[in-house]
Amino acid sequence: NLAGTSVMIEVYADRLEISNPGEPIVPVERFIDGYQSRNERLADISDPCRTLLAGAAVIGREYSAALLHNASQLSRFVVLAGLDEATTLEVIVRVGLDTYRFAHPLLSSAVVDQLTVTERLRLHRQVAEAIESGAQAGSQTDTAALSFHYLAAIPLAEPSKAVFYTCGAARS
């Protein structure tokens with residue numbers, strides 16, 4: 001599943017090359033080997049870290065430890081330990097003081113692919129509720145993110161919230 005991932009494939013007489021935006025073009029064999037090694041990296045992850053990464057993959061491209069903590073309902077210690085584990089295994093990279101992203105978009109896709117529909121719906125609802133509670137606590141309201149996650153969480157989320165935030169995002 002490459003949803004949300006831009007991939008360019010170039011076909012030549014003697015080879016096939018694949019690239020992602022911002023990454024060098026690689027022969028398809030190396031790309032496939034890389035995908036397999038990414039799946040192998042995910043196989044070595046502890047259950048708490050896997051739970052954390054599932055939430056991170058649902059949040060989107062970049063995410064904060066604070067949002068992961070609020071959305072996952074895991075203790076701060078477990079969140080930080082999971083982020084350390086995933087960073088050490090090169091599944092995620094730290095891009096800011098409190099901000100992380102997956103080392104490659106296919107890692108995020110691989111994590112999402114392992115979720116059941118119900119798990120994905122639940123995680124989107126939890127992320128939306130965490131963003132919403134942050135906004136109520138004084139953080140800036142990201143109506144586009146709230147719209148996305150509430151829409152993705154239907155039928156577990158209230159459709160009225162999805163409509164409310166979608167209208168707000170459209171006005172922004």
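Quick note: structure is the one above.
Residues numbered from 1 in each chain as written. Predicted model: local features only at pLDDT ≥ 70, side-chain atom pairs only at ≥ 80, totals over all residues. Heavy atoms only, no water.

## Focus: the pattern of salt bridges
Once their charged atoms are close, side chains differing in charge can pair, the charge on each being opposite to the other. Taken as a whole and assessed by the stated rule, the structure comprises two salt bridges. Salt-bridge contacts for Glu129 lead to Arg125; the nearest nitrogen and oxygen are separated by 3.6 Å. Of the two residues, Glu129 and Arg125 both sit in helix 6 (residues 117-136), four residues apart, roughly one turn of that helix. Of the residues examined, Glu129 reaches a relative accessible area of 36% and is grouped as partly exposed. Under the relative-accessibility criterion, Arg125 is labelled partly exposed at 24%. Across the salt bridge formed by Glu132 and Lys161, the nearest N and O atoms sit 3.1 Å from each other. Residue Glu132 is located in helix 6, and its partner Lys161 is located in helix 8 (residues 159-171); the two are separated by 29 residues in the primary sequence. (Salt bridge = Lys/Arg side-chain N within 4 Å of Asp/Glu carboxyl O. Helix = DSSP H or I, 4+ residues; strand = E, 2+ residues; numbered from the N terminus. Buried < 20%, exposed > 50% of the residue type's maximum accessible area, 1.4 Å probe, protein only.)

## As for the packing of helix 2 (residues 47-59) against helix 5 (residues 105-113)
Following both chains from N to C, one finds helix 2 and helix 5 inclined at 115°, their axes separated by 9 Å at the closest point. Comparing the axis directions of helix 2 and helix 5 gives the class roughly perpendicular. Here the hand of the crossing between helix 2 and helix 5 comes out left-handed. Here Leu53, Ala54 and Ala57 of helix 2 come into contact with helix 5, specifically with Ser108, Val111 and Val112. Looking at the contact of helix 2 with helix 5 residue by residue, the classes come out as five nonpolar, one polar and no charged. (Axes fitted to C-alpha atoms, helices over the stretch in contact; angles between N-to-C directions. Parallel < 35°, antiparallel > 145°, perpendicular 65-115°, else oblique. Left-handed = near helix turned anticlockwise from the far one by under 90°. Contact = heavy atoms within 4.5 Å. Nonpolar A, V, L, I, M, F, W, Y, C, P; charged D, E, K, R; others polar.)

## As for the sheet that holds strand 6 (residues 99-102)
Spatially, the three strands line up as an open sheet ordered 4-6-5, and their pairing is antiparallel. The open sheet is flanked by strand 4 (62-64) and strand 5 (92-94), the only strands paired with a single partner. Between one strand and the next, the sheet's axes are offset by a mean angle of 35°, whatever the strand orientation. (Pairing = 2+ DSSP bridges.)

## Considering the nonpolar core
Core analysis: the largest hydrophobic core is formed by 39 residues, its most contacted members being Leu53, Val91, Ile92 and Phe102. Those elements that place two or more of their residues in this core are helix 2, helix 3 (65-72), helix 4 (76-88), strand 6, helix 5, helix 6, helix 7 (143-153) and helix 8. Looking at which element gives the most residues to this core, the answer is helix 2, with eight residues. The contact partners of Phe102, leaving out residues within four places of it in the chain, are Leu53, Ala56, Ala57, Arg61, Tyr63, Val91, Ile92, Leu107, Ser108 and Val111. (Core = buried A, V, L, I, M, F, W, Y, C linked by side-chain atoms within 4.5 Å.)

## Digging into the side chain of His124
By the secondary structure assignment, His124 is in helix 6. Polar contacts involving the side chain of His124 include one to the side chain of His149, which spans 2.9 Å. Not counting chain neighbours up to four residues away, the residues in contact with His124 comprise Val58, Phe148, His149, Ala152 and Ala153. (Polar contact = N/O pair within 3.5 Å; in protein donor to acceptor, adjacent residues only side chain to side chain.)

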